[in-house]
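# Per-entry structural report
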Amino acid sequence: MEQTIQVGLDERSYPIVIGTGIFRRIGTMLHAAGLAKRYAIISDDRVASLYGRQLQEMLHQADLVGELLTFPHGEASKRLDTIEQLASRLAACGFDRKDGLIALGGGVTGDMTGFLAAIYMRGIPFVQIPTSLLAQVDSSVGGKTGVDLPQGKNLLGAFYQPRAVFIDAEVLRTLPREEFLGGMAEVIKYGASIDAEFFAWLDRQREAILALDPSALVPMIRRCCELKAKVVEQDEREGGLRRILNFGHTIGHAVEAASGYRLMHGRAVAIGMRAVAELAARTGMADPSVADSIARLLRAYHLPTDIPPELDRAALRSYLSVDKKTVGGRIFFVLPEQIGRVSITDRVEEADIDAVLNAGCHPC
């Protein structure tokens, strides 16, 4: 069960290989790709303990060299000093432009490894081996890389495409349940914002997906990658169309940051999707039933839909103002018109934003 999607970006085009049992053949596939003879495997300490040595051995069997470089797991590591430490270790090991990087892990690892690949020696090749659902369906595809600043998420970064993405649905069995459910928020995002038929399919296939049935997981991951690839091919650097992929993320990132990153990214995005759907209803852009449908599917996958009442609303507002999607002081929102169709607008009244942010806050 293996399928390949091509992300068409001229000389920066690359394959996304999706299936089961792919991880066990990574060495052979990387050898055939001929990208490098030596790789630095970048991974957090948790994923490295599960798959790091195994990947090194598979590279060795394919006559490739793999150096394992780890960092502490979690969003708190996604910062410039971690990049500096990793870059210094690459330099100490003598890595040059003919060598490559492997991002082995979730979204944090992929974002940092891509950023490191973009700036080390002014650019070296890297590949993605995503081990979380969120990374498999979203962050490993499209070339957005970066690190956080205290003021907000991903404020430093670069667009830098991987040379290949290898997605094995089997590795999701070692993923903590909460992280899998968090990844489902990104899956639901695609249905809610781009593909109404997929949104309905996710409702019908809920039991199989939650049971980690490969016959449901593989087509689910494939559809997400297909949808993202089509958007990226038309708008690689987020000049217009690609901004629809930020559905739920503007408020979601603010919620995540205001929680001190204690709230998992996917759960924050789930909250953000419900919030912007409510915003669309308040502005008359969408019928209230749209917000109800989104909230119902999120809850079916055990995801939150309400902004936690304990979060400081002034902090939420502050994080919104420094979001990457804010231009000239205007906050751009991706609002649903109906399931499967969204629009981007900065014409949202401050009173409506405040009403949505303050919902459930007693007192605030």
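Above this note sits the structure.
These notes cover the structure that comes with them. Just so you know, these numbers come straight off a predicted model, no measurement behind them.

Attention shifts here to the nonpolar core. Counting 81 residues, the largest nonpolar core has F180, L202 and M220 as the members making the most contacts within it. Take this core: its biggest share by element is 11 residues, from helix α9 (residues 214–234). Beyond its immediate stretch of four places on either side in the chain, L202 contacts M184, V187, I188, I209, M220, L297 and Y301. Listed in part, the 25 residues of the second largest apolar core include Y39, V127, F166 and V171.

Glancing now at the pattern of salt bridges. Within the structure shown, the criterion is met by 25 salt bridges. One salt bridge in this structure joins E2 and R25, with 2.5 Å as the shortest N-O distance. Of this pair, E2 sits in strand β1 (residues 2–7) while R25 is found in the loop between β2 (14–19) and α1 (26–33), placing the two residues 23 residues apart along the sequence. What makes E2 partly exposed here is its relative accessible area of 40%. Its relative accessible area of 34% is what places R25 among the partly exposed residues. For E178, the salt bridge is made with R267, and the minimal N-O distance between the two is 3.1 Å. Taken together, the residues span a long stretch of sequence, with E178 in helix α6 (residues 177–193) and R267 in helix α11 (residues 265–282) at a distance of 89 residues. Since its relative accessible area comes to 39%, E178 is described here as partly exposed. One salt-bridge network, in which partners are shared between bridges, spans D138, E186, K189 and K228.

The next subject is the packing of aromatic side chains. For the structure on display, the rule yields 3 aromatic pairs. Judged by centre distance (5.8 Å) and plane angle (20 degrees), the rings of F198 and W201 are stacked. Taken together, the positions of F198 and W201, both in helix α7 (residues 196–204) and 3 residues apart, correspond to about one turn of that helix. Above the face of the Y190 ring, K189 is positioned so that its terminal group lies 4.7 Å from the ring centre.

As summarised here, the arrangement of the 7 strands in space is β1-β2-β9-β6-β5-β3-β4, forming an open sheet in which the pairing is mixed. For this open sheet the edge positions go to β1 and β4 (65–71), each flanked by a neighbour on one side alone. When the angles between neighbouring strand axes are averaged without regard to direction, this sheet yields 20 degrees. Relative to strand β9 (residues 164–168), β2 runs parallel, the two sharing 4 bridges. Its bridge partner being in β9, G19 is matched across the sheet by D168. Helix α4 (residues 107–119) contacts β3 (38–44), β4, β5 (100–105) and β6 (126–130) of the sheet and is inclined by roughly 170 degrees relative to β5.

With 5 of 5 residues buried, β9 is to be regarded as a mostly interior element. The two faces of β9 match: A164, F166 and D168 on one face and V165 and I167 on the other face are all buried. Summarising the sheet, β6 and β9 pair through 2 bridges and their orientation is parallel. Across the sheet, residue Q128 finds its bridge partner in β9, namely V165.

Moving on, we get to α7. Buried within α7 are the following residues: F198, F199, W201 and L202. All buried residues of α7 lie within an arc of 160 degrees about the axis, which places them on one face of the element. Projecting away from the buried face of α7 at angles above 90 degrees are the exposed residues E197 and R204. At its buried positions, α7 is contacted by α6, α8 (206–210), α9 and α12 (288–300). The backbone nitrogen of E197 lies 3.1 Å from a side-chain oxygen of the residue at the head of α7, namely D195.

Our focus in this paragraph is the environment of A270. Within the secondary structure, A270 is located in helix α11. When the C-alpha positions of A270 and A314 are compared, they lie 21 Å apart, and in sequence the two are 44 residues distant. The contact partners of A270, leaving out residues within four places of it in the chain, are A185, L298, L303 and P304.

Burial analysis of β5 places 6 of its 6 residues in the buried class, the great majority of the element. Pairing of β3 with β5, which is carried by 4 bridges, proceeds in the parallel orientation. Along β5, the bridge assignment pairs Y39 with G100. As judged from the 5 bridges shared by β5 and β6, these two strands associate in the parallel manner.

Quick notes on the rules
Residues numbered from 1 in each chain as written. Predicted model: local features only at pLDDT ≥ 70, side-chain atom pairs only at ≥ 80, totals over all residues. Heavy atoms only, no water. Core = buried A, V, L, I, M, F, W, Y, C linked by side-chain atoms within 4.5 Å. Buried < 20%, exposed > 50% of the residue type's maximum accessible area, 1.4 Å probe, protein only. Helix = DSSP H or I, 4+ residues; strand = E, 2+ residues; numbered from the N terminus. Contact = heavy atoms within 4.5 Å. Salt bridge = Lys/Arg side-chain N within 4 Å of Asp/Glu carboxyl O. Phe/Tyr/Trp six-rings, centres within 6.5 Å; stacked < 30°, edge-to-face > 60°. Lys NZ or Arg CZ within 6 Å of the ring centre and 35° of its normal. Pairing = 2+ DSSP bridges. Axes fitted to C-alpha atoms, helices over the stretch in contact; angles between N-to-C directions. Arc of directions from axis to C-beta. Polar contact = N/O pair within 3.5 Å; in protein donor to acceptor, adjacent residues only side chain to side chain.

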